[in-house]
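Letter by letter, the chains look like this.
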Amino acid sequence: MSLDWKKESKPLIVIASVFLILYFAPFESSRIRSSVMESLYLAQWYAREHVILCLIPAFFIAGAIAVFINQSAVIKYFGAKANKFLSYGVASVSGSILAVCSCTVLPLFAGIYRMGAGIGPASAFLYAGPAVNVLAVILTARILGVELGIARAIGAIIFSIVIGLLMQIFFNKEEKEKAGSGMAVPGAEEETRPLWQNLIYFASMVGILVFANWGKPDDSASLWNVIYDYKWHLTVIFAIVLDIALILWFGIKWWKIVTLAAIIYITAELSPGLPIIHFAVGALGLSVITASNKGEASEWFSESWGFAKQIMPLLFFGVIVAGLLLGRPSGDGLIPSEWVYSFVGGNSLRANIFASVLGAFMYFATLTEVPILQGLIGNGMGKGPALALLLAGPAVSLPNMLVIRSVIGTKKTVVFVVLVIFMATLSGWIYGMF
Amino acid sequence: MKLKVLGPGCARCRELFERTQKAVSELGIECELEKVEDINQITSYGVLFTPALVIDEQLKFSGKLPSVEELKSLIQEKVKE
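Rules behind the numbers
Residues numbered from 1 in each chain as written. Chains lettered and ligands numbered in written order. Predicted model: local features only at pLDDT ≥ 70, side-chain atom pairs only at ≥ 80, totals over all residues. Heavy atoms only, no water. Helix = DSSP H or I, 4+ residues; strand = E, 2+ residues; numbered from the N terminus. Rg over C-alpha atoms; globule rule 2.2 N^0.38 Å. Buried < 20%, exposed > 50% of the residue type's maximum accessible area, 1.4 Å probe, protein only. Contact = heavy atoms within 4.5 Å. Buried area = accessible area lost by both parts, 1.4 Å probe. Salt bridge = Lys/Arg side-chain N within 4 Å of Asp/Glu carboxyl O. Polar contact = N/O pair within 3.5 Å; in protein donor to acceptor, adjacent residues only side chain to side chain. Core = buried A, V, L, I, M, F, W, Y, C linked by side-chain atoms within 4.5 Å. Domains from an automatic or database assignment. Nonpolar A, V, L, I, M, F, W, Y, C, P; charged D, E, K, R; others polar. Patch = residues over 30% accessible without salt bridge, like charges linked within 9 Å, V, L, I, M, F, W, Y side chains within 5 Å. Areas by Shrake-Rupley, 256 points an atom, 1.4 Å probe, with all protein chains shown as cover.

1. Observations concerning the overall build of chain A
Step number 1: The secondary structure content of chain A amounts to 22 helices and zero strands.
Step number 2: Expected size for 434 residues packed as a compact globule is a radius of gyration near 22 Å; at 23 Å, chain A falls within 12% of this value.
Step number 3: Dimensions of chain A, computed from the C-alpha atoms along their principal axes, are close to 70 × 65 × 65 Å.
Step number 4: Within chain A, the proportion of its 434 residues that are buried is 49%.
Step number 5: Partitioning the intrachain contacts of chain A with sequence separation of at least 6 by distance along the chain shows that 78% fall at a separation of at least 24.

Dropping the structure here:
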């Protein structure tokens with residue numbers, strides 16, 4: 001029997017490279033030892049600081065968006081006959097709910113281009129989508145700071161519209177010839193719940209996420225500090241709102257919620273001053289309750305778990321690699337800080353261009369751009385180039401350029417990539433000046 | 001019968017493929033199962049949200065990840081026709 005070498009080559013390469021690394025790696029070198037430790041410390045910091053309070057609620061929110069938000073309702077703004085003005089606006093912001101799963105971005109892009117509103121809104125969606133999806137915004141704000149998180153979202157939205165309009169202008173003639181094939185808008189599913197109920201439900205989860213993660217401000221006399229002092233009270237209030245919403249509108253039995261609340265209360269009495277444990281018990285309880293429910297709530301859980309299953313390994317891998325190569329903000333990894341600084345330090349135009357080009361061609365698995373960027377910033381990357389990389393990074397990569405090319409052709413792809421690099425550089429440069 | 005799972009190789013799409021495989025083997029029926037990863041082919045079915053399932057060139061759903069049980073009843077419906 002002969003082996004299928006095409007299929008076997010992948011594991012072979014993996015096994016051979018691991019072997020060669022283990023065989024030859026100079027583990028006695030102190031640089032390598034400290035880099036490995038840096039990588040483990042970084043992973044521990046993530047595990048302690050970010051998983052329970054930030055990632056778990058974020059997965060629940062992402063899961064809720066996938067299940068409870070009527071995505072087909074958004075699609076009507078992408079149709080061939082839709083109002084162009086609205087198309088651009090919706091394309092630039094809808095990624096926040098439509099691009100939670102990275103697998104939706106490219107098919108939607110192809111669909112909008114081919115069957116719907118055309119190259120302009122399609123490009124706008126492709127540029128903004130990965131940057132404004134809820135998980136990306138939450139993680140960027142939490143790890144790289146609220147300021148950069150907001151800059152990323154706003155930069156992506158504004159420049160996506162600019163890129164979309166430019167693409168439309170450049171290729172207006174071809175677009176007119178192509179027009180005609182209407183999009184088969186999927187039939188809008190019936191709304192099961194009024195909008196205001198959904199709003200309360202989502203607001204309660206966002207409230208929990210925001211207040212549980214409220215950082216201690218530098219200025220001790222401000223309103224932010226008052227909020228910090230009462231952050232857990234506020235978190236509990238939002239949790240109660242969520243519980244009421246679940247009982248009233250999601251068919252969760254009230255006695256289950258009351259039992260969970262009692263368990264959390266007892267845990268809190270037994271371990272005062274450790275809110276992270278109480279929060280973990282709450283999240284675990286909510287998982288058990290929703291998973292055992294029949295109907296929507298279990299769908300919510302299974303979507304959330306699906307995101308966790310998909311994203312956690314990638315993030316873990318990203319953190320380990322970032323830690324190994326770049327170290328923690330306080331330490332050094334394998335790549336010397338001076339190198340990083342000489343390429344992307346400060347806010348020169350050259351540093352911004354370099355960051356944009358790097359971001360455009362490099363492939364970042366879902367959300368791994370965040371730990372990698374954290375490492376680069378720790379090594380002296382300026383905040384302008386950081387934003388440039390955040391904007392160009394997830395929007396395009398070498399592998400997805402090939403897919404995009406198969407949809408819109410070589411010429412448009414090249415123009416799009418050049419525009420992405422140009423706009424990312426420009427936004428980074430402007431942002432870096434402040 | 002011919003089943004096609006549409007999706008560009010993401011986790012949810014792989015999951016749907018596995019569930020469909022399971023549904024088919026549990027039902028014990030003869031059918032061809034194909035995984036379509038090419039974006040252009042995917043959009044040719046008018047699909048915007050992946051994963052999606054096509055049975056005998058007819059789009060059954062898109063942007064969803066139904067359970068094995070639901071998939072089984074979808075396939076059975078088609079068998080009865």
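2. Structural notes on the interface of chain B and chain A
Step number 1: The partner chain A presents 22 residues to the 16 residues of chain B that form the contact.
Step number 2: Taken together, both faces of the contact between chain B and chain A bury some 1,600 Å²; the carbon and sulfur share is 67%.
Step number 3: A per-residue breakdown of the area chain B buries against chain A is headed by Ile-39, Leu-48 and Phe-49 of chain B, which together make up 43% of the total.
Step number 4: Our count for the contact surface shared by chain B and chain A stands at one salt bridge.
Step number 5: Put simply, Glu-15 of chain B and Lys-309 of chain A hold a salt bridge, and the shortest N to O gap is 3.7 Å.
Step number 6: The tally of links between chain B and chain A comes to one residue pair in polar contact (both at pLDDT 80 or more).
Step number 7: For the side of chain B that touches chain A, the secondary structure elements donating two or more residues are helix H1 (11–27) and helix H2 (39–44) of chain B.
Step number 8: With four residues, the single largest contributor to the side of chain B that touches chain A is H1 of chain B.

3. Regarding the pattern of salt bridges
Residues and elements named next belong to chain B.
Step number 1: Overall, the coordinates contain ten salt bridges over all chains when judged by the stated rule.
Step number 2: For the salt bridge of Glu-26 with Lys-72, the shortest nitrogen-to-oxygen distance reads 2.6 Å. You can see Glu-26 sitting in helix H1 and its partner Lys-72 sitting in helix H3 (residues 68–80), a full 46 residues away along the chain.

4. Brief notes about the nonpolar core
Step number 1: In this structure, Tyr-127, Tyr-201, Leu-246 and Trp-300 of chain A are the most contacted members of the largest nonpolar core, which totals 113 residues.
Step number 2: Sort the elements by how many residues they give to this core and helix H2 (residues 30–68) of chain A lands first, with 14 residues.
Step number 3: Split by domain, this core shows at least three residues from each of two domains, domain 1 (48–68 + 192–314) and domain 2 (71–178) of chain A.
Step number 4: Apart from residues lying up to four places away in sequence, Leu-246 of chain A is in contact with Tyr-201, Gly-251, Ile-252, Ile-257, Leu-286 and Trp-300 of chain A.
Step number 5: Membership of the second largest hydrophobic core comes to 13 residues, among which are Leu-3, Val-5, Ile-55 and Phe-61 of chain B.

5. Examining the environment of Leu-242 of chain A
All names here are of chain A.
Step number 1: Relative to the helices and strands, Leu-242 is located in helix H13 (residues 231–249).
Step number 2: Residues Leu-242 and Ala-203, spaced 39 residues apart in sequence, show a C-alpha to C-alpha distance of 8.6 Å.
Step number 3: In this structure Leu-242 touches Tyr-201, Ser-204, Met-205 and Ile-208, once residues within four positions along its chain are discounted.

6. Details of unusual backbone geometry
Residues and elements named next belong to chain B.
Step number 1: The omega angle of the peptide bond from Thr-50 to Pro-51 is -5°, so this bond is cis rather than trans.
Step number 2: When you line up the elements, Pro-51 lands in the loop between H2 and strand S3 (52–55).
Step number 3: One non-glycine residue, Asp-56, lies in the positive phi region at around 45°.
Step number 4: Structurally, Asp-56 is set in the loop between S3 and strand S4 (58–62).
Step number 5: The partly exposed category is assigned to Asp-56, whose relative accessible area is 38%.
Step number 6: Of note, Glu-57 is a non-glycine position whose phi angle comes to about 65°, a positive value.
Step number 7: Along the chain, Glu-57 falls in the loop between S3 and S4.

7. Focus on the domain arrangement of chain A
Residues and elements named next belong to chain A.
Step number 1: According to the domain assignment, chain A contains domain 1 (48–68 + 192–314) and domain 2 (71–178).
Step number 2: Of note, the centres of domain 1 and domain 2, computed from C-alpha atoms alone, are 29 Å apart.
Step number 3: With 13 residues of domain 1 at the contact, the number on the domain 2 side is ten residues.
Step number 4: For the pair domain 1 and domain 2, the summed buried area comes to about 1,100 Å², and 76% of that belongs to carbon and sulfur atoms.
Step number 5: In this assembly, domain 1 and domain 2 are joined by zero salt bridges.
Step number 6: Our count for the contact surface shared by domain 1 and domain 2 stands at three residue pairs in polar contact (both at pLDDT 80 or more).
Step number 7: Top contributing element to the side of domain 1 that touches domain 2 by residue count: H2, with eight residues.
Step number 8: Residue composition of the side of domain 1 that touches domain 2, by class: nine nonpolar, three polar and one charged.

8. Quick look at a nonpolar patch on the surface
All names here are of chain A.
Step number 1: Where nonpolar side chains cluster on the molecular surface, the patch consists of Val-36, Met-37, Leu-40, Tyr-41, Phe-317, Val-321, Leu-324, Leu-325 and Leu-334 and spans about 730 Å² of accessible area.
Step number 2: Every element with two or more residues in the nonpolar patch is listed here: H2 and helix H16 (296–326).
Step number 3: Mapping Leu-334 onto the fold places it in the loop between H16 and helix H17 (337–344).

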